[in-house]
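The residues making up each chain are set out below.
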Amino acid sequence: MTPQIPFRFEPTATSSELSAKYGHIEDGTETGVKVTIAGRLMLRRTQGKLAFGTLQDGEGRIQLFAPAKVTPDFEGFTSLSLGDWIGVTGEIMKTKRGELSVKVEEWTLLAETHRTFPDKFHGISDPETRYRQRYVDLWVTPEARAAFVMRSRMLSLMRRWLEERDFLEVETPVFHPIPGGALAKPFTTHHNALDTEFFLRIAPELYLKRLIVGGMERVFEIARVFRNEGISTRHNPEFTMLELYQAYADYGDIMSLVEQLIEHLAVELTGSATVFNDGRELDLSAPWRRATLTELITEFTGETLDLDSPLTELREACARHDVPVKDFYGPGKLLLELYEKTVEGNLWDPIFVIDYPKEVSPLARDHRSKPGYTERFEGIVAGRELCNAFSELYDPAEQRARFEEQAQNKAEGDEEAMAVDQDYLRALDYGLPPTGGLGVGIDRLIMLLADVQTIRDVVLFPTLKPEVFD
RNA sequence: GCCUCUGUAGCCAAGCGGUAAGGCAGUGGACUUUUAAUCCAAAGAUCGUGGGUUCGAAUCCCACCGGGGGCACCA
C-alpha cells in the first residue's frame, strides 16, 4: 500500500530553535505551546503504550514523545522505519528525565525510506560510501554536515566583505578557447554547433583582467576551475578559487587585503583569530610576516643564493639538499624548487613569501627594483600555499615575450605551459592600469578553518571513478 | 603512473589454513518517562571479482576492480 504523501508541509520550528527557546524549562513541565517540526526519524524507543523517537532535521535533533492515548495511529507511528521523514505537531514539553520533547499529537509521513539507514551509533566507517552516498553521510556524520555549513557561511561572509569594499562579483566563461591564467593540464571538450574544441578553464585570471581593462575597477569571481591532474588529500580535479583584481593597487595592497580577509573569516567562523589545525595552534591575525623567497632559502638551508648565482652553484645547492632538478631549469626555477622542497612545508605561521623569479611567473609584473624578479607573493599557512598574487603585468610587449617563452616550453613538451593568447594581448594594448590580483584556493581555506585533513571533506561530491551497477 | 594498506549481511565488526562470532537495523512477541532503552524468539553472508596452491581457502599466491594513505604530478 502506497501511503498518502502530502504535496507540502509547513514546519513552524526547527530542532535548534526549540532547544534555544525551551531548553531551559523545568523537567516534567508542559508549555501548552504547539509546534510543528519535520525531519527524519533516527532512533526509536518503544515501551508498550509509550514511544519515544529522535527526530533529526537540518540543524539537530529533538525527542518525540508519543503516548498511545495521545498519538493517532500509534501502531503506525511505532512501526515507522528509522530514516523515514515525518512531520509532527504537538506540544513542546520536557519529560521527567529532562529531555525536551515534542508530544506527538499529529504526525504525517513525508517520505518512506526503502533502504535501511546505517548503524545508529557507529555511522559509516567506509570513506568510499561516505563520498558516494553523501545523502546518507550528511545524516549520520555530524562533522561532515558542519564542515559544509561552514563552507557556505564562509563564501557568504567573503562575498559580503568584498562587496563592502566595492568589489563586483562577475562570472566569466568556463569554456576557454585557450587555457590560461595558470600552469596546469586542462580538460578538453567539444561544442557541436560551433564544431570547436574548448578547454575547461584552469583559472579565470585572464578574463578578469580583461574586465579591468574594460573599466570594472574591482572585480572578483568565485570560480569553479578544472585541472586534469592527480587526486590527493589536497587536490580534487574540480575545485573553487576566489580570484579578485583591484585597479590602482599593487601586491602590497593585496597582502593587507588577504591578511584582513582571512582574519575576519576566522573570527566570524570560529570565534577567534587563533584556530587549531591538526591539533596545532595557528594564529591568523594580521599582520602576517613578509619575507622574500631568497631570504627564506637562506634561513632554512644556510645557502646564500640569488638569480645572479652561477648555475652550477644553484645546482650544487639543490643537490646538497636532495632537490631533484632537470637540465633545462634556469636559475629562477632552481630557486623555486629549492624553496618548495626545503622551506614551504616547514613554514607554519602565516607568512607572505614575496618576490618570485620572473622565469616562473609569466603573468606578474617586473619588480620595481629587483631585476629578474617579479612583484609576486604567495600566502603560506600551515606549510601550504593558500594564495598566489601579484602586481599584474600590464605591458603587452613584455607579456607577449613571456607568452612566447611559455609557448616554446609547450612546444618542447611541457604540457602545463601556457599558449599565446592574442586576444588577451590585444586587451593589454588598450591599457591595463596598475592592478593587484589575487587567487585563493577556497577548498584549502575551508580545510584550514574547519580543521579537516582532506579536501574530500569539504567537497560535497568529490571526484571518484563511476560506480559500476550490475 | 609508482609504492603501500584495504574490501566479511543495509550498517558496525570478529575470524588470518579446518569449513563464517557478536552488535545495530529488519521480522514476531513483552513492556506508559526512554536516551545507542531493555528482555525473549526466529531469520539474514555467492567473505569485491576471476584464477591458482591445498585433502581443505574469508584466511596463502597471482591478476583484475573499487577505495584510503604516501610518492610523483600539481607553483
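Residues numbered from 1 in each chain as written. Chains lettered and ligands numbered in written order. Predicted model: local features only at pLDDT ≥ 70, side-chain atom pairs only at ≥ 80, totals over all residues. Heavy atoms only, no water.

**Quick word on the overall build of chain A**
Quick reminder of the rule: In DSSP terms, a helix is any run of H or I states spanning at least four residues, a strand is any run of E spanning at least two, and both are numbered starting from the N terminus. By definition, residues are in contact when any of their heavy atoms lie within 4.5 Å. Surface exposure here means Shrake-Rupley accessible area, sampled with a 1.4 Å probe, where a residue is shielded only by the protein chains that are shown. Charge assignment in this entry is limited to Lys and Arg as positive and Asp and Glu as negative, and neither His nor the chain termini are counted. A single reference atom marks each charge: NZ on Lys, CZ on Arg, CG on Asp, CD on Glu.
For chain A, the count of helices and strands is 13 helices and 19 strands. With respect to the three principal axes, the spread of C-alpha positions in chain A is 90 × 55 × 45 Å. Sequence separation of at least 24 residues holds for 65% of the intrachain contacts in chain A that already meet a minimum separation of 6. A total of about 23400 Å² of accessible surface is found on chain A, and carbon and sulfur atoms cover 50% of it. Mean positive and mean negative side-chain charge positions of chain A (53 and 77 charges, respectively) differ by 6 Å.

**Concerning the nonpolar core**
The condition is simple: The definition of a nonpolar core used throughout is a set of buried Ala, Val, Leu, Ile, Met, Phe, Trp, Tyr and Cys residues joined through side-chain atoms within 4.5 Å. Categorising residues by exposure relies on relative accessible area from a 1.4 Å probe, with only protein chains included: less than 20% of the type maximum marks a residue as buried, more than 50% marks it as exposed, and the intermediate range marks it as partly exposed.
Counting residues in hydrophobic clusters, the biggest one holds 49 residues, and the most contacted among them are Met 158, Leu 242, Phe 377, Leu 445 and Leu 449. Once you skip the residues sitting within four places of it in the chain, Leu 449 turns out to touch Met 150, Met 154, Leu 265, Ala 266, Leu 269, Thr 270, Val 275 and Leu 284. By size, the runner-up hydrophobic cluster in this structure holds 24 residues, among which are Ala 317, Val 323, Leu 335 and Val 360.

**A closer look at the protein's contact with RNA strand B**
The following threshold applies: A single heavy atom is enough: if one lies within 4 Å of a molecule or strand, its residue is considered near that molecule or strand. We define a polar contact as two N or O atoms separated by no more than 3.5 Å, with the added condition that, inside protein, one atom must be a possible hydrogen donor and the other a possible acceptor, whereas residues neighbouring each other in sequence contribute only through side-chain atom pairs. Each residue is assigned to one class: nonpolar for Ala, Val, Leu, Ile, Met, Phe, Trp, Tyr, Cys and Pro, charged for Asp, Glu, Lys and Arg, and polar for all the others, Gly among them.
Neighbouring RNA strand B are 50 residues, the closest being Arg 97, Glu 128, Leu 183, His 235 and Lys 465. For RNA strand B, the fraction of atoms within 4 Å of the protein that belong to sugar or phosphate moieties is 58%. The contact in question runs from a base oxygen of RNA strand B to an N or O atom on the side chain of Arg 45, over 2.5 Å. Where the surface near RNA strand B is concerned, the elements lending two or more residues are strand E1 (30–47), strand E2 (50–56), strand E3 (61–67), helix H3 (127–132), helix H10 (331–342), strand E17 (376–381) and strand E18 (384–391). For the surface near RNA strand B, the element with the most residues is E1, which contributes five residues. Partitioned by chemical class, the residues of the surface near RNA strand B number 14 nonpolar, 14 polar and 22 charged.

**Remarks on the pattern of salt bridges**
Basically, it comes down to this: Here a salt bridge means any side-chain nitrogen of Lys or Arg lying within 4 Å of a carboxyl oxygen belonging to Asp or Glu.
Counted according to the given criterion, the structure contains 32 salt bridges. The residue Glu 398 makes a salt bridge to Lys 358 at a minimum N-O spacing of 3.3 Å. Placement of the pair is Glu 398 in helix H11 (residues 396–411) and Lys 358 in the loop between strand E16 (351–354) and E17, with a sequence separation of 40 residues. Across the pair Asp 423 and Arg 426 runs a salt bridge whose closest N-O atoms are separated by 2.9 Å. Within this pair, Asp 423 and its partner Arg 426 are both found in helix H12 (residues 422–429), separated by three residues, close to a single helical turn. Through salt bridges with shared partners, one network takes in Arg 130, Arg 134, Asp 137 and Asp 457.

**Things to note about the sheet that holds strand E15 (residues 289–292)**
Picture the strands of a sheet paired through backbone hydrogen bonds; they go either parallel or antiparallel. Which entries qualify depends on this criterion: Note on pairing: DSSP must find at least two bridges between two strands before they are called paired. A fitted line through C-alpha atoms represents every axis, and for helices the fit uses only the stretch in contact; the resulting angles, taken between N-to-C directions, go from 0 to 180 degrees.
Pairing is mixed in the open sheet, where eight strands are placed in the order E7-E11-E12-E19-E18-E17-E16-E15. Each end of this open sheet is capped by a strand with a single partner; those strands are strand E7 (168–169) and E15. Note that strand E11 (residues 218–226) and strand E12 (residues 238–247) share nine bridges and pair antiparallel. Looking at E12, one finds that Val 219 is bridged to Tyr 245. Relative to the sheet, helix H6 (residues 205–213) contacts E11, E12, E18 and strand E19 (435–441), its axis offset from that of E12 by approximately 25°. Sitting on the sheet, helix H13 (residues 442–450) touches E12, E17, E18 and E19, and the angle it makes with E19 is about 60°.

**Digging into the side chain of Glu 398**
Within the local environment of Glu 398, its side chain forms a polar contact with the side chain of Arg 402, the two groups lying 2.7 Å apart. Those residues in contact with Glu 398 that lie beyond four places of it in its chain are Lys 358, Asp 366 and Leu 393.

**Some remarks on the domain arrangement of chain A**
Selection rule: These domain boundaries are the output of an automatic or database domain assignment.
When its domains are assigned, chain A resolves into domain 1 (15–111) and domain 2 (142–288 + 350–457). For domain 1 versus domain 2, the separation of C-alpha centres amounts to 48 Å.

**Thoughts on H6**
All buried positions along H6 are accounted for by Glu 205, Leu 206, Leu 208, Lys 209, Arg 210 and Ile 212. Elements that come into contact with the buried residues of H6 comprise E11, E12, E18, H11, H12 and E19. Just downstream of H6, Gly 215 is the residue with a positive phi angle, here 90°.

**A look at the environment of Met 150**
Mapped onto the elements of the fold, Met 150 is located in helix H5 (residues 142–164). We classify Met 150 as buried; its relative accessible area is 17%. In this structure, the C-alpha to C-alpha distance between Met 150 and Ala 450, residues 300 residues apart in sequence, is 7.2 Å.

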